[in-house]
Each structure stands twice: as C-alpha cells, then as structure tokens.
Amino acid sequence: MMAAGIRSPVAEEKTSRSQTEAHRRLKYASLAVLVVQNASLILSIRYVRTLPGDRFFTTSAVVMAEILKLLTCVVIILLQKRLNVKDTVYFLVDSIVFQYKDTLKLAVPSLIYTLQNNLQYVAISNLPAATFQVTYQLKILTTALFSVMMLRKTLSRVQWVSLLLLFAGVAIVQVDQERKKEEQASSVEGSSQNYTVGLLAVVVSCLSSGFAGVYFEKILKGSSASVWMRNVQLGIFGTVLGMLGLWWNDGDAVAESGFLFGYTGAVWCVIFNQAFGGLLVAVVVKYADNILKGFATSFSIVVSTVVSVYLLGFHVDLLFTLGAGLVIGAVYMYSLPKAAASSSVAAASSSVSLASPRTEGDAEMEAFLPKAQGGVASPAAAVLATD
C-alpha cells in the first residue's frame, strides 16, 4: 500500500494539468475583463460628462477613486496576512513610516498619476470616445522613449517600425477629426466642447504616463515590496495630492455644494470602474503574455468605437478606419516578444499561437514577479502597471 504522504505520478500529472487549465482560464478571463473595463471606462466617462444637469467635480472623483484603490489594497494585504489585523498594521507601519525614504520615492509618480487622472476627464469631456481611445495609445510611444533614455533599454527593429506606424495612425485620426470639427463648427456639440483642449490634455497625459511608468519601474528594481504595498504607498500620496488639487481648483464650490455634489449612480459606476481598472492590471500583468495584452488593448479600441457609433452618434469614415487600423497593428507589433518579432512581420499575424516559444510560467515570471524581486519589466508592462 502506498504511503499516505506519497502521491502517484498519475495523480501529480492530473493536478498539474488541472492547475494549467485553471491558469489558462484565469488568463483569458482577466484579458476579457480588461477589454470590457478599458472600453467601458472611456465610454462611461464620456457619457456622464456630456449629460445635462449638475456636473460632479472631477477632482473629487479622482480622490474617491484613489481612496477606493487604497482601501482595496489594504484589504488584500490583510487577506495575505490571514486576517491578522495586528500583523497587517505592523507591516503597513514598518513599510510606510519606518521605511519613509522608500515611501517618499513614490511621491513623484503619485503626483503624475493624479495629474493624469484629472487630464483624462478633461480629454474625454472634449473629444469623442473613439478618438480619445486611439490617440491615448501614444502612451506606448512615450513609454518606449523614456525606457530608452532612463533605463538604457533597446528596442527591436519591429518595435521601432511599430512606433512609427502608431504615430502615423494617430496623426491620420487627428487629421480626420480636425476636418470633422471644421465641418461641424456650428453644431451644438462643437460649440460646447474644445477640441484643442482635449487634444492637449491627451498629449500631456501620454507624456506623464510614459515618464511615470518608467520611473515607477526604476523604483521597483531591487525592491522586495509587493505590488499591493506599492499601490498603498501610491494611494496615500494620491489621496493627499488629490485633496490638494480639489482644494486648489474647486475648493469654494465643494465647500458650498459638498464633496459628493452631482454624484449619481452612473458617476459612482465610473469611479468604481476607474479604481477597479488600476487593480485589474496587476492580475493581467501576472497571468497574460505580451501578445494577448496587445490584443486586449487593440480590441478595446474596436469595442469603444463600435459602441460610440451606436450609442453616442460617432461617425466612422475611411480615414478614421485607416488610422485606427494602423494603431491596432502597431500595438500588436510592439507587444510581440523580440524572438518572434525578429522573424517575418508578415507571418506574425498568421502564426500567433507559435509567436512565443516561452511557457506560461516563463511569461508570468518575466511580466510580474521580477518587478517585485528586482528584475526589469518590459516597456509594455510598464504601461499596464501604471494606468
């Protein structure tokens, strides 16, 4: 009779197979949720910011999202400590207070993220959702450039080509939207929105996203702190800086009308969605490989465009389709692993299943664990980890 502590090879194989299958299901489930989250956030912000009636303060929405992310990360750390409140408090105090020099490093990216979140509301309030979604992919270009300058990273030829295609695609979309703006200058929508302000907000947001992502990646090198602990540190600074921004921009109005002025069910959905998106990224980076992340980003652009056509009256023409297609192709090409990207670009799209020779475990180690153990994440991972 086999000893109780010894498992047969057949049982171990079944367990391993079951774990692999569960891992695969979680990977695709997290990617599907990411697509829905990306598309729905842009569309929902656009929707609530164009509704008639009392408008909520975007600065208060940013603060509320930071608070929700902060509390969620604390709960996750508590669960990791097996609901031991004392150990959790000691761990947080030690990581935040006693290691204050390490905590202060997060002030810079936190300030930039707070600015970026506010700019996102400004941009979507002044741009069609599909246009914003396409233009916002410029964050890949800025992240790559900052990675080369600050982290001394090298990009493959295919990645450089993809960045050029990305820039060209966004430029085509902007030319198309500029033409539509001139044609609709007398319409109600054209008079109630400022396209130039929206475009400027997107550009600044992309620059800040690229710099903050690379800066955050640099901080994580050689650090043993978990992603959740880093998010707690970011959340503390984000909440404080967000409150300062609220006081500076809307202090008198908030004092008169209240912090939750204009909050409706739809506004709360936007805030929860924004907070959830920041946490969802950690799961996606852990379980999904680069190719699938590229597909998720590209597909979210398609989803937001289709929904904008049916629900928001957005008109798609040949020029916009060409520009969006270039952006989607560029995102996919940039996300290819270097081993696959060095092969034929033409064959890449027809052999997605063979594009990466790495196992799922290797992809997980590269995309997630090194960031908490001193490794170097890819520029694409930096984009995901900070948005």
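Residues numbered from 1 in each chain as written. Predicted model: local features only at pLDDT ≥ 70, side-chain atom pairs only at ≥ 80, totals over all residues. Heavy atoms only, no water.

J.: Sorry if this is basic, but what is going on with the side chain of Gln 133 here?
T.: With respect to the helices and strands, Gln 133 occurs in helix H6 (residues 129-135). With relative accessibility at 4%, the residue Gln 133 sits in the buried group. When residues no more than four places from it in sequence are discounted, the contact partners of Gln 133 are Asn 38, Ala 39, Ile 42, Ser 300, Ile 301 and Ser 304. (Helix = DSSP H or I, 4+ residues; strand = E, 2+ residues; numbered from the N terminus. Buried < 20%, exposed > 50% of the residue type's maximum accessible area, 1.4 Å probe, protein only. Contact = heavy atoms within 4.5 Å.)

J.: I tried to follow the nonpolar core on my own but got confused; where do I start?
T.: Nonpolar side chains in soluble globular proteins generally cluster together in the buried interior. By size, the foremost hydrophobic cluster in this structure holds 47 residues, and its most contacted members are Phe 132 and Ile 271. When residues in this core are grouped by element, the largest group, six residues, is from helix H14 (residues 318-335). Counting nine residues, the second largest nonpolar core, distinct from the first, contains Cys 73, Ile 96, Met 229 and Leu 279. (Core = buried A, V, L, I, M, F, W, Y, C linked by side-chain atoms within 4.5 Å.)

J.: Can you help me understand a nonpolar patch on the surface in this one?
T.: Nonpolar side chains collect at one region of the surface, where Tyr 47, Leu 51, Phe 299, Val 302, Val 306, Val 309, Tyr 310, Leu 311, Leu 312 and Val 316 lie side by side and expose about 930 Å² of accessible area between them. With respect to the helices, strands and loops of the structure, Val 316 is situated in the loop between helix H13 (290-311) and H14. Relative accessible area serves as the criterion here: at 38%, Val 316 is assigned to the partly exposed category. (Patch = residues over 30% accessible without salt bridge, like charges linked within 9 Å, V, L, I, M, F, W, Y side chains within 5 Å. Areas by Shrake-Rupley, 256 points an atom, 1.4 Å probe, with all protein chains shown as cover. Salt bridge = Lys/Arg side-chain N within 4 Å of Asp/Glu carboxyl O.)

J.: What's the story with the confidence of the model for the protein in this structure? I'm lost.
T.: Overall, the predicted model of the protein reaches an average pLDDT of 75, with 72% of residues at or above 70. Here helix H18 (residues 369-373) stands out as the least confident element of the protein, with mean pLDDT 36; helix H2 (residues 58-80) is the most confident, with 92. Of the regions scoring below 50 in pLDDT, residues 186-191 engages in two contacts with residues more than four places distant in sequence or in other chains. Within the model, the stretch residues 344-386 combines pLDDT values under 50 with 79 contacts to residues more than four positions away or in other chains. (pLDDT = per-residue confidence, 0-100.)

J.: What's the story with the environment of Phe 314 in this structure? I'm lost.
T.: Within the secondary structure, Phe 314 is located in the loop between H13 and H14. Setting aside anything within four residues of it in sequence, one finds Phe 314 in contact with Pro 128, Ala 130, Thr 131, Gln 177, Thr 305, Ser 308, Val 309 and Phe 320.

J.: What is the right way to look at the packing of H2 against helix H3 (residues 85-98) in this model?
T.: The relative placement of two packed helices comes down to the angle between their axes together with the axis-to-axis distance. Packing of H2 against H3 brings their axes to within 9 Å, and their N-to-C directions diverge by 125°. Comparing their axes, H3 and H2 come out oblique. Between H2 and H3 lies a crossing of right-handed hand. Contacts from Val 74, Ile 77 and Leu 78 in H2 reach Val 85, Thr 88, Phe 91 and Leu 92 in H3. Taken together, the residues that form the contact of H2 with H3 break down as six nonpolar, one polar and no charged. (Axes fitted to C-alpha atoms, helices over the stretch in contact; angles between N-to-C directions. Parallel < 35°, antiparallel > 145°, perpendicular 65-115°, else oblique. Left-handed = near helix turned anticlockwise from the far one by under 90°. Nonpolar A, V, L, I, M, F, W, Y, C, P; charged D, E, K, R; others polar.)

J.: I would appreciate a short explanation of H3 in the present structure.
T.: Since the α-helix packs 3.6 residues into each turn, any two residues three or four apart lie on the same face. With 14 residues, H3 should reach 20 Å at 1.5 Å per residue; the first-to-last C-alpha distance of 19 Å fits that figure. Among the residues making up H3, those that are buried are Thr 88, Leu 92, Ser 95 and Ile 96. Across the axial projection of H3, the buried residues extend over an arc of 85°, all falling on one side. In H3, the exposed positions angled more than 90 degrees off the buried face are occupied by Lys 86, Tyr 90 and Phe 98. (Expected span 1.5 Å × (residues − 1). Arc of directions from axis to C-beta.)

J.: How do you make sense of the packing of aromatic side chains when you look at a structure like this?
T.: To describe a pair of aromatic rings, one takes the distance between the centres and the angle between the planes. For the structure on display, the rule yields nine aromatic pairs. Where Phe 57 meets Phe 261, the ring centres are 5.8 Å apart and the plane angle is 40°; that geometry is what we call tilted. One end of the pair, Phe 57, is in the loop between helix H1 (9-49) and H2; the other, Phe 261, is in the loop between helix H11 (227-257) and helix H12 (265-287), and 204 residues separate them in sequence. Taken together, the ring pairs in this structure connect Phe 56, Tyr 121, Tyr 263, Trp 268 and Phe 272 into an aromatic cluster. It is Arg 49 that lies over the ring of Phe 56; its NZ or CZ is 5.2 Å from the centre. (Phe/Tyr/Trp six-rings, centres within 6.5 Å; stacked < 30°, edge-to-face > 60°. Lys NZ or Arg CZ within 6 Å of the ring centre and 35° of its normal.)

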